[in-house]
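Chain residues, written in single-letter form:
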Amino acid sequence: MKPVLALIFILLAFVPLKLKMEAACDRIAPGSLSIGLREQIGQSAFIAVLGGFRSVIADLLFIDAYSAWERTDWTYLLLRLRQATELQPRAILFWEMAGWHMAWNAGTAALEDDSKSPAARRRLQHDYLELGKDFLVRGIAHNPEKPQLYEALARLYRDKFHDHARAAENFEKASRLPGHASYDERFSAYELSYCEGREREAYDRLRTLYQRGEKERLPRLLNQLRAMEERLKIPANERIP
Amino acid sequence: MSSSLGRIAAIGRTTFTELARLRVFYVLVLFALVLIISSSFLARISFQQELQVTKDIALGAINFFLSMLAIVATAQLLPRDLEDRVIYSVLAKPVRRFEYMLGKFFGVLGLLVISLVAMSILCLAVIHLREGAAVRETMQQLSQSPSDELDHALVAVHQAGANRDLILALLLTLTKAAVLVSLTLCVSSFATSNIFTISAMAMVYLVGHLESIARDYWLHQRAAGWLARTFLAVVAFFFPDLQAFNLSDQIIAASSLSNLMLLKLLGLGAIYIVGYIVIAIAIFSQREL
């Protein structure tokens, strides 16, 4: 009886201490392990994930996605990219590359597919663009503090959807985050200058950048600023030299 | 007190020597070393993420082989001593059972430290070489770009290379292995064969990586039915959260681990180790040999 009581006392001391310390050590989970994930990656890979090899499996799936890209097997590429991002949602590169593969590579391939009618090609390209956008939006939801994904989404809006307002918005969001690229604020102002009805706002931003000094006075900034001065009919004495 | 420490140290040294003589462990470490070196070649297949793949595979290999070493080395200690009847001659001397258990623990820990040092040196060397190559490639590619863009890219490469978090990840891998040693000692204190201990520990290893999910479900009453809730409670009460010591996700997210969090994790490891060893000693003290 005595040893059993001793064991119970040990457990009574150990368990609350264990639970309290575990709660204090809780960090951001990389994504929960669900039945959906098990169905996506297969049983062997799921067991490997349970064994603590989440990152390694995600890398191997991403390498396989790269092979699928080389073979231009877009469906398989999409599957592998979904698996890799599901397993490792904190890897920025996975989301960025997934968005790029879908919107740029698969989208362009769909548009150049001679076996389909022009309408079907455009529809397929649009689907791939939406897939690319979806990857980037989900990537941002998992990593809201990383500017790279906002930059990628802004490029997608600018180059593929020709939605300058959203491109400007995302470049601006990126420019507010630590580690952002030096061009984010500039690009946001450029994109804003293409938006109907927001010329004044664009002009003010371009002007602010211009006043920061020689480093910001790049040829494109000067051209955009002069174009805005023309459109807003800024008095000659307020214009840049 | 000092004579007790002396006895623990003597048993630890003997355990370490015995384990070091077993060739199977050299094979395990060799496999890990081969995998670490090959990670560098495998990483070249991947596009743009060589350093990340190198680190993931190298850390994964170290984590796996160190955990295997911890379980396999510890699982055969008690059954072999019982089979060879060494334990009777040891415990016939003025050696207490807790000293015997602690000596075994520190003996295996010594083997793990040496194995980890060997694997870490190679891992850091491989990552350092890849980082150097990545810096050269970046400088070449961005030679025409503005200096702030080049600086930005170089900072990103250095962040992805060998850094403080990588060393911390290795330290926490050792902590995880030490937890596994204490838990294996706990299981083998009542087990009758090393096969049973290894099988049980393989299950514990898998469940341990899911403990945080089970705990979360149990604490937030998400599971339906008393049976499921009881099962989750058992997992949350008795199994260690092994995923807490896995830092690779943190490293990939490039979010540095704070000193406070490191201390908390080491504290968590210490609680597990002390807890499981105390339970192991309590069970072993009552075991009829």
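All figures in this text were calculated on a predicted structure; none of them were measured in a lab.

(A) Quick look at the overall build of chain A. Of regular secondary structure, chain A possesses twelve helices and zero strands. Here the C-alpha radius of gyration of chain A, 25 Å, is well above what a compact globule of 241 residues would show, namely 18 Å. Projected onto the principal axes, the alpha-carbon positions of chain A cover approximately 100 × 50 × 25 Å. The buried share among the 241 residues of chain A stands at 48%. Once local pairs closer than 6 in sequence are excluded, the contacts in chain A between residues at least 24 apart make up 54%.

(B) Layout of the pattern of salt bridges. Tallied over the entire structure, the rule returns 31 salt bridges over all chains. The shortest N-O distance in the salt bridge between Arg 158 of chain A and Asp 159 of chain A comes to 2.8 Å. Asp 159 of chain A gets classed as partly exposed once you look at its relative accessible area, which sits at 34%. Between Arg 231 of chain A and Glu 199 of chain A there is a salt bridge, and its shortest N-O distance comes to 2.8 Å. Residue Arg 231 of chain A is found in helix H12 (residues 219–232), and its partner Glu 199 of chain A is found in helix H11 (residues 199–211); the two are separated by 32 residues along the sequence. A relative accessible area of 14% places Glu 199 of chain A in the buried class. By sharing partners, the salt bridges in this structure join Lys 18 and Glu 22 of chain A together with Glu 211, Arg 215 and Asp 241 of chain B into a single network.

(C) The arrangement of a nonpolar patch on the surface in detail. Taken together, Val 4, Leu 5, Ile 8, Phe 9 and Leu 12 of chain A make up a surface patch of nonpolar side chains, about 500 Å² in accessible area. With respect to the helices and strands, Leu 5 of chain A occurs in helix H1 (residues 2–24).

(D) Structural context of the packing of H1 of chain A against helix H13 (residues 259–286) of chain B. Contact pair H1 of chain A / H13 of chain B: the axes reach a minimum separation of 10 Å and the direction vectors enclose 170°. One way to sum up the angle between H1 of chain A and H13 of chain B is to call them roughly antiparallel. Relative to H13 of chain B, H1 of chain A is oriented so that their crossing is left-handed. Taken together, the residues of the contact of H1 of chain A with H13 of chain B sort by class into 17 nonpolar, three polar and three charged.

(E) Local environment of the confidence of the model for chain B. Residues and elements named next belong to chain B. Looking at chain B as a whole, its pLDDT mean stands at 84, while 92% of the residues score no less than 70. The spread of mean pLDDT over the elements of chain B runs between helix H12 (residues 248–252), the lowest at 62, and helix H8 (residues 164–188), the highest at 92. For this predicted complex, the interface score ipTM comes out at 0.78, alongside a pTM of 0.77.

(F) Structural detail: the packing of aromatic side chains. On inspection of all chains with the given rule, the structure shows 16 aromatic pairs over all chains. Aromatic side chains Phe 245 of chain B and Tyr 272 of chain B sit 6.2 Å apart centroid to centroid with 70° between the ring planes, which places their arrangement in the edge-to-face category. Separated by 27 residues along the polypeptide, Phe 245 of chain B in the loop between helix H11 (226–238) and H12 and Tyr 272 of chain B in helix H13 bring together distant segments of the chain. Neither Phe 245 of chain B nor Tyr 272 of chain B differs from the other in exposure class; each is buried. A cation over an aromatic ring shows up here: Lys 133 of chain A above the ring of Phe 161 of chain A, its NZ or CZ 5.4 Å from the ring centre. Across the ring face of Phe 284 of chain B, the terminal group of Arg 97 of chain B is positioned such that the distance to the ring centre comes to 5.5 Å.

(G) Representation of unusual backbone geometry in the model. Residue and element names in this part refer to chain A. A positive phi angle is found at His 162, which is not glycine, with a value near 50°. On the secondary structure map, His 162 appears in the loop between helix H8 (147–161) and helix H9 (164–175). A relative accessible area of 55% places His 162 in the exposed class.

(H) Broad picture of the nonpolar core. If you look at the biggest cluster of nonpolar residues, it comprises 90 residues, and the most contacted ones within it are Ile 36, Tyr 100, Met 101, Phe 105, Leu 112 and Leu 257 of chain B. When sequence neighbours within four positions are dropped, the list of residues in contact with Tyr 100 of chain B reads Ile 11, Leu 78, Asp 81, Ile 87, Val 90, Leu 91, Val 95 and Phe 284 of chain B.

(I) The arrangement of the interface of chain B and chain A in detail. Facing the 58 residues of chain B at the interface are 44 residues of chain A. Between chain B and chain A, roughly 4200 Å² of surface is buried when both sides are summed, and carbon and sulfur atoms account for 68% of that area. Across the contact surface, chain B and chain A share two salt bridges. For Glu 22 of chain A, the salt bridge is made with Arg 215 of chain B, and the minimal N-O distance between the two is 3.1 Å. Across the chain B-chain A interface, the total number found is five residue pairs in polar contact (both at pLDDT 80 or more). Listed by contribution, the elements that provide at least two residues to the side of chain B that touches chain A are helix H2 (23–45), helix H3 (50–75), helix H7 (147–160), helix H9 (194–208), helix H10 (211–219), H11, H12 and H13 of chain B.

(J) Geometry of H9 of chain B. Residue and element names in this part refer to chain B. The end-to-end C-alpha distance of H9 is 20 Å, a good match for the 21 Å that 15 residues give at a rise of 1.5 Å each. Taken together, the buried positions of H9 are occupied by Thr 197, Met 201, Val 204, Tyr 205 and Gly 208. The arc enclosing the buried residues of H9, seen along the axis, measures out at 105°, which places them on a common side. Facing away from the buried surface of H9 by more than 90 degrees, the exposed residues are Ile 195 and Met 203.

(K) Spotlight on the environment of Pro 144 of chain A. Residue and element names in this part refer to chain A. Here Pro 144 is to be found in the loop between helix H7 (118–142) and H8. The class for Pro 144 is partly exposed, based on a relative accessible area of 43%. Here the alpha-carbon distance between Pro 144 and Lys 173, two residues 29 residues apart in the chain, equals 9.9 Å. Sequence-distant contacts of Pro 144, that is, excluding residues within four places in its chain, are made with Tyr 150 and Leu 177.

(L) Layout of H10 of chain B. Residues and elements named next belong to chain B. Every buried residue of H10 is listed here: Glu 211, Ala 214, Arg 215 and Trp 218. Relative to the axis of H10, the buried residues are bounded by an arc of 100° and lie together on one face. Backbone geometry just after H10 places Gln 221 at a positive phi near 55°.

(M) Broad picture of the environment of Gln 224 of chain A. Residues and elements named next belong to chain A. By the element assignment, Gln 224 lies in helix H12. Relative accessible area serves as the criterion here: at 12%, Gln 224 is assigned to the buried category. Taking the C-alpha atoms as reference points, Gln 224 and Met 102, separated by 122 residues in sequence, lie 31 Å from one another. With near-sequence residues (within four places) excluded, Gln 224 lies in contact with Tyr 190, Ser 193, Tyr 194 and Leu 206.

Rules of the game
- Here the residue numbers are simple positions, counted from 1 along each chain's written sequence.
- As a convention, the first chain written is A and the first ligand written is 1, with the rest following in written order.
- Reporting of local features is limited, given that this is a predicted model, to residues whose pLDDT is at least 70; pairs of side-chain atoms are given and counted only at 80 or more, and all residues count toward the totals for whole chains, interfaces and linings.
- Remark: hydrogens and water are excluded; side-chain values derive from all non-hydrogen atoms of the structure.
- The way it works is that DSSP assigns letters per residue, a run of H or I at least four long becomes a helix, a run of E at least two long becomes a strand, and they are numbered from the N terminus.
- The globule rule is 2.2 Å times the number of residues to the power 0.38, and the radius of gyration it is compared with is taken over C-alpha atoms.
- For every residue, the accessible area obtained with a 1.4 Å probe (protein chains only) is divided by the maximum for its type, and the residue is called buried under 20%, exposed over 50%, and partly exposed between those limits.
- By the convention used here, residues are in contact when the closest approach between their heavy atoms is within 4.5 Å.
- Salt bridge, as used here: a side-chain nitrogen of Lys or Arg that lies within 4 Å of a carboxyl oxygen of Asp or Glu.
- Each patch is built from residues lacking any salt bridge and having more than 30% relative accessible area; the joining distance is 9 Å for like charges and 5 Å for nonpolar side chains (Val, Leu, Ile, Met, Phe, Trp, Tyr).
- Areas reported here follow the Shrake-Rupley algorithm with a probe of radius 1.4 Å; residue values treat only the protein chains shown as occluding.
- Axes here refer to lines fitted to C-alpha atoms; in helices the fit is confined to the stretch in contact. Angles between the N-to-C directions go from 0 to 180 degrees.
- Here the angle decides the label: under 35 degrees means roughly parallel, over 145 means roughly antiparallel, 65 to 115 means roughly perpendicular, and every other value means oblique.
- Handedness of a crossing is defined here by the sense of rotation of the near helix relative to the far one, left-handed for an anticlockwise turn of less than a right angle and right-handed for a clockwise turn.
- When residues are sorted by character, Ala, Val, Leu, Ile, Met, Phe, Trp, Tyr, Cys and Pro go into the nonpolar class, Asp, Glu, Lys and Arg into the charged class, and all the rest, Gly among them, into the polar class.
- pLDDT runs from 0 to 100 and stands for how confident the predictor is about each residue.
- Here is the rule: rings of Phe, Tyr and Trp (six-membered ring for Trp) pair when centre to centre is within 6.5 Å. Planes less than 30 degrees apart are stacked, more than 60 are edge-to-face, and the remainder are tilted.
- Two conditions define a charge sitting above a ring: the NZ of Lys or the CZ of Arg must be within 6 Å of the ring centre, and it must be within 35 degrees of the ring normal.
- Note on terminology: a nonpolar core comprises buried Ala, Val, Leu, Ile, Met, Phe, Trp, Tyr and Cys residues joined through side-chain atoms within 4.5 Å.
- Throughout, buried area stands for the accessible area (probe radius 1.4 Å) lost by two parts on being put together, summed over both.
- We call two N or O atoms a polar contact when they sit within 3.5 Å, provided that within protein one can donate a hydrogen and the other can accept it, with sequence-adjacent residues counted only if both atoms are side-chain atoms.
- Here the expected span of a helix is defined as 1.5 Å times the quantity of residues minus one.
- This arc corresponds to the set of directions leading from the helix axis out to the C-beta atoms.

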